[in-house]
Structure formats: C-alpha cells, structure tokens
Amino acid sequence: MKIFRISHFFDENTDYISNDVFSDFIIGKKSKENSFIGDLDCEDNISNQETHSEMRAHYYVWKNLMSDYDYIGFEHYRRILYLDPFPLKFIMNKYPRLLFLRKLIEKNQQQEIFHDKISFNNALEIRKEKNFHIIEPLKEKVSSYDIICIRSQNISTKSEFCDDTLLEHCIVSCSYFHNKPMLIDFNHTTTNYRCSFIMKKDLFDEYMHFWHEVMKNLQKSLNVYPRELGYYSEKLFSYYVFQKKMENSLIKVTYVPMLSI
C-alpha cells in the first residue's frame, strides 16, 4: 500500500516523508532518496501538461509504479486523507489534540474538511514514525475496502468550470461501456472532488484507463488551459464511483474526511 501526498512545488525547508506507506510526491522533479518521489525519473510522464494538475502524479504512478502496490492512494499536500487507526492510549498520551479531532469528526458527519493546523502537524509526525502498532491497523483498515473516498460535498456535479454536455458525451462514448450498461446519473450530488482517494490496484488501473480515454477525447474539443482537465478529472472520479456502485451493490466503498492546515 502507498499513499502519495501530491505537491506542485519543491520547498527545501520541508521535511518530506518517504516510507513504506506514505510518500510525498512532487510534480516536475526527480525523486530524492528517503525524501520524496518525483515524476521525472521515467520517460513515460505528463509532467509538463499543466492542464492535468495533480492527475500528472496519478498518471505517473499508473504507468511506472503501480505494480509495486496492492492499494494506491492520493491526497493533496495541504489536504490529507484522515484515516484514524490510532489506539486511544496512544493519542491520549502523545497527541491529545487528535482525540478532540476524533470527537469533532464523529459529531459532524456531513463535514468534508476539518481545518486544524495542530492536528494536521500531529498526523504528519505520526506518519514519520515507523510505528508497527499504527501501520498495521492502518493497513488492515484500508484493506477492508475496495475504494476509500473523501466525504461527499453534497453539491451538484454540474459546474461553471466545465462543459458538462461535452464531458457526458465523452463518458458515454467511452469503450468502458461497450460491453456493459452506462448507469451513471449525471445529476447526482454525491460528489467526491479533490482527486483524493485510495483504491485497490485493479480498480485504480481500470479507472485510469477510463480516465485516460475520456481525457484524450476531451482534449480534441477543448483549448485547454492550466488545471482545466484537472477540474474535469474531479468530476470523472465521482462518476466512476457512481458507476461501480451501480454495477455491484456489494462493492465496499467508505468515506473519510480531509484534514487541512
């Protein structure tokens, strides 16, 4: 399992994380051992295509690193997926702020992002610790699901940033649906933006093939600008998850909050 925290820039004063479970990922850089992973180590990359935004990291992992992991996850460098496998004694004794956060998360089930700099820094500190009693419960928690998404924003998937008609056309005509019914409701409100998730490797591979074909078709009709296809990608992930849930009611999908500075 690997969860990549994606950044668009390098900061020489940042203490980056690179271990068996968590790795910082910097777009536009070569990897630095025991520090971070970059997307310039291999030729198969889209690092210079700014329109894809953080999906450049997804693409790189898909093409070059996917075989190394059974679960693959992505998050934003300032908005991390908050998975809480921490034993009560551990956080009470060392990180009491995280117990307060746990209460907030439980109390506010509809809230997508929790802004708490102290908790954010505590969570990163724990990631740096090679603590078996934290890592193993985390792996166990993740492996009990097929897809882990961020909590829904409960807003329409329609937006002013995208040509929704064009996107829907590119999705419907995708080869993914050649041998299966298209079951997406394009007006649903269970949106999972941010391009942050954890998925089983086979689902991630399927999703990236789906994403790649749709993006190629979109590019034929758009004069793309920086981040534009990144916005489309956020919608596409929500549609993909909706489709998978319609195909298989037993697919194990869960939703977690994000923790931000």
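Only a predicted model underlies this, so the values are computations on that prediction, with no experimental measurement involved.

S.K.: Help me out: how do you make sense of the overall build of the protein in this one?
M.R.: Secondary structure summary: the protein contains eight helices and ten strands in total. Over its C-alpha atoms the protein spans a radius of gyration of 18 Å, differing by no more than 12% from the 18 Å that the globule rule assigns to 261 residues. Overall, the C-alpha framework of the protein stretches about 55 × 40 × 30 Å when taken along its three principal axes. The contacts of the protein with a sequence gap of at least 6 include a subset with a gap of at least 24, amounting to 72%. Split by element, the accessible area of the protein, about 12,700 Å² in all, is 48% carbon and sulfur. Between the averaged position of the 34 positive side-chain charges in the protein and that of its 36 negative side-chain charges there is a distance of 5 Å.

S.K.: Where do I start with the packing of aromatic side chains in this structure?
M.R.: For any pair of aromatic rings, the description consists of the separation of the ring centres together with the inter-plane angle of the planes. Counted by the stated rule, this structure contains 24 aromatic pairs. Pairing Phe-4 with Phe-25 gives two aromatic rings, centres 6.1 Å apart and planes at 85°, and the pair type is edge-to-face. Taken together, the residues Phe-4 in strand β1 (residues 2–7) and Phe-25 in strand β2 (residues 22–26) connect sequence positions 21 residues apart. Grouping residues by exposure puts Phe-4 and Phe-25 together as buried. A ring pair is formed by Phe-10 and Phe-36, whose centres lie 5.6 Å apart and whose planes are at 50°; its orientation type is tilted. On the criterion of sequence distance, the pair formed by Phe-10 in the loop between β1 and β2 and Phe-36 in the loop between β2 and β3 (37–38) is long-range, its members being 26 residues apart. The ring of Tyr-231 has Arg-227 lying over it, and the distance from NZ or CZ to the ring centre is 5.4 Å.

S.K.: Teacher, can you tell me more about the environment of Phe-237 here?
M.R.: Turning to its location among the elements, Phe-237 is positioned in helix α8 (residues 228–247). Considered as a pair, Phe-237 and Ser-196 are 41 residues apart in the sequence and their alpha carbons are 9.3 Å apart.

S.K.: Would you mind showing me how to read unusual backbone geometry here?
M.R.: With the exception of glycine, most residues fall at negative phi, and the peptide bonds are largely trans. Even without being glycine, Ser-53 reaches a positive phi, approximately 50°. Looking at where Ser-53 falls in the secondary structure, it is placed in the loop between β3 and α1 (55–64). With phi around 75°, Arg-227 is a residue other than glycine that occupies positive phi space. Within the fold, Arg-227 resides in the loop between α7 (201–219) and α8.

S.K.: I tried to follow the nonpolar core on my own but got confused; where do I start?
M.R.: The tendency in soluble globular proteins is for nonpolar side chains to be buried as a group. In this structure, Ile-171, Phe-204, Tyr-207, Phe-210, Val-214 and Leu-218 are the most contacted members of the largest nonpolar core, which totals 51 residues. Among the secondary structure elements, those contributing two or more residues to this core are β1, α1, β4 (71–76), β7 (147–150), α6 (164–172), β8 (197–200), α7 and α8. The element that contributes the greatest number of residues to this core is α7, accounting for nine residues. Setting aside anything within four residues of it in sequence, one finds Phe-204 in contact with His-58, Val-61, Trp-62, Met-66, Ile-72, Phe-74, Phe-197 and Met-199. Leu-83, Phe-86, Ile-148 and Ile-150 belong to the second-largest nonpolar core, a separate cluster that totals 33 residues.

Conventions we followed
- Residues numbered from 1 in each chain as written.
- Predicted model: local features only at pLDDT ≥ 70, side-chain atom pairs only at ≥ 80, totals over all residues.
- Heavy atoms only, no water.
- Helix = DSSP H or I, 4+ residues; strand = E, 2+ residues; numbered from the N terminus.
- Rg over C-alpha atoms; globule rule 2.2 N^0.38 Å.
- Contact = heavy atoms within 4.5 Å.
- Areas by Shrake-Rupley, 256 points an atom, 1.4 Å probe, with all protein chains shown as cover.
- Lys, Arg positive; Asp, Glu negative; His and termini not counted.
- Charge placed at Lys NZ, Arg CZ, Asp CG, Glu CD.
- Phe/Tyr/Trp six-rings, centres within 6.5 Å; stacked < 30°, edge-to-face > 60°.
- Buried < 20%, exposed > 50% of the residue type's maximum accessible area, 1.4 Å probe, protein only.
- Lys NZ or Arg CZ within 6 Å of the ring centre and 35° of its normal.
- Core = buried A, V, L, I, M, F, W, Y, C linked by side-chain atoms within 4.5 Å.

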